[in-house]
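The residues making up each chain are set out below.
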Amino acid sequence: MDLVWLFIATAANVFLLGLQSQFVRDQRFAMCFMISWGITGAQFTFTRVVSGADDPAMAFWVSGWAGAIGICSSIYFYRWFHPRYQNWQAGKGWCK
């Protein structure tokens, strides 16, 4: 069960860090503020789980896969989200 939490925490952390970099580039202060709290929660969970890992090699492997999936997911999510956010911000609604 700990490996599941490790996977979720690592994927969430890297996903949110990827989004954060996009929103920092776009200078979206409110989004950056909210995402920072998510990053804090994911890093806290990661630290708690990995500190009690029985098999460090397995923890490394799980974290590596989760991080790779997390960063790729953040890129795809941002490509989907950004045009919808721009439309919403312009008052056109969420649809493209």
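Preceding this section is the structure that the text describes.
These figures come from a predicted structure and were not determined experimentally.

Definitions and cut-offs
- Residues numbered from 1 in each chain as written.
- Predicted model: local features only at pLDDT ≥ 70, side-chain atom pairs only at ≥ 80, totals over all residues.
- Heavy atoms only, no water.
- Axes fitted to C-alpha atoms, helices over the stretch in contact; angles between N-to-C directions.
- Helix = DSSP H or I, 4+ residues; strand = E, 2+ residues; numbered from the N terminus.
- Parallel < 35°, antiparallel > 145°, perpendicular 65-115°, else oblique.
- Left-handed = near helix turned anticlockwise from the far one by under 90°.
- Nonpolar A, V, L, I, M, F, W, Y, C, P; charged D, E, K, R; others polar.
- Core = buried A, V, L, I, M, F, W, Y, C linked by side-chain atoms within 4.5 Å.
- Buried < 20%, exposed > 50% of the residue type's maximum accessible area, 1.4 Å probe, protein only.
- Contact = heavy atoms within 4.5 Å.
- Salt bridge = Lys/Arg side-chain N within 4 Å of Asp/Glu carboxyl O.
- Patch = residues over 30% accessible without salt bridge, like charges linked within 9 Å, V, L, I, M, F, W, Y side chains within 5 Å.
- Areas by Shrake-Rupley, 256 points an atom, 1.4 Å probe, with all protein chains shown as cover.
- Expected span 1.5 Å × (residues − 1).
- Phe/Tyr/Trp six-rings, centres within 6.5 Å; stacked < 30°, edge-to-face > 60°.

Engineer: Whenever I open this one, the packing of helix α1 (residues 2-25) against helix α2 (residues 29-51) confuses me. Can you help?
Structural biologist: Packed helices, taken two at a time, are described by their axes: the angle between them and the distance between them. In contact at an axis separation of 8 Å, α1 and α2 are set at 155 degrees when each is read in the N-to-C sense. Looking at the two axes, α1 sits roughly antiparallel to α2. Seen from above, α1 lies across α2 with left-handed handedness. Partitioning the contact of α1 with α2 into residue classes produces 17 nonpolar, seven polar and one charged.

Engineer: Would you take a moment to explain the nonpolar core for this structure?
Structural biologist: In globular proteins that are soluble, nonpolar side chains generally tend to be buried together. Leu-16, Leu-19, Phe-23, Met-31, Cys-32, Ile-35, Ile-39, Tyr-78, Phe-81 and Tyr-85 form the largest nonpolar core, which has 10 residues in total. At the level of secondary structure, the elements contributing two or more residues to this core comprise α1, α2 and α3 (56-89). Not counting the four nearest positions on each side in its chain, Phe-23 is found in contact with Arg-28, Met-31, Cys-32, Ile-35, Tyr-78 and Phe-81.

Engineer: Help me out: how do you make sense of the pattern of salt bridges in this one?
Structural biologist: Side-chain pairing between opposite charges can occur once the charged atoms of the two side chains come close. Scanning the entire structure with this criterion turns up one salt bridge. Its salt-bridge partner being Arg-25, residue Asp-26 comes within 3.2 Å of it at the nearest N-O pair.

Engineer: Help me understand the environment of Arg-48, please; the structure alone is not making it clear to me.
Structural biologist: Its place among the elements puts Arg-48 in helix α2. For Arg-48, a relative accessible area of 59% translates into the label exposed. Taking the C-alpha atoms as reference, Arg-48 lies 9.8 Å from Trp-5; in sequence the two are 43 residues apart.

Engineer: How should a nonpolar patch on the surface be read in this particular structure?
Structural biologist: Judged by side-chain polarity, Leu-3, Val-4, Trp-5, Phe-7, Ile-8, Met-58, Trp-61, Trp-65 and Ile-69 come together as a nonpolar surface patch covering roughly 880 Å² of accessible area. Elements supplying a minimum of two residues to the nonpolar patch: α1 and α3. Sorting elements by how many residues they give to the nonpolar patch places α1 first, with five residues. Take Ile-8: its relative accessible area is 42%, and that puts it in the partly exposed class.

Engineer: What is the right way to look at unusual backbone geometry in this model?
Structural biologist: For residues besides glycine, phi is generally negative; the peptide bonds are generally trans as well. Positioned with a positive phi, Gln-27 is a non-glycine residue whose angle comes to about 55 degrees. Looking at the secondary structure, you find Gln-27 in the loop between α1 and α2.

Engineer: Please explain α1 as it appears in this structure.
Structural biologist: The first and last C-alpha atoms of α1 sit 34 Å apart over 24 residues, in line with the 34 Å expected at 1.5 Å per residue. Three or more residues of α1 are buried, namely Leu-6, Ala-9, Thr-10, Ala-11, Asn-13, Leu-16, Gly-18, Leu-19, Gln-20 and Phe-23.

Engineer: Would you take a moment to explain the packing of aromatic side chains for this structure?
Structural biologist: Here the distance between the centres and the angle between the planes together describe a pair of aromatic rings. Under the defined criterion, the tally for this structure stands at six aromatic pairs. Among the aromatic side chains, those forming a connected cluster through ring pairs are Phe-15, Phe-23, Phe-77, Tyr-78, Trp-80 and Phe-81.

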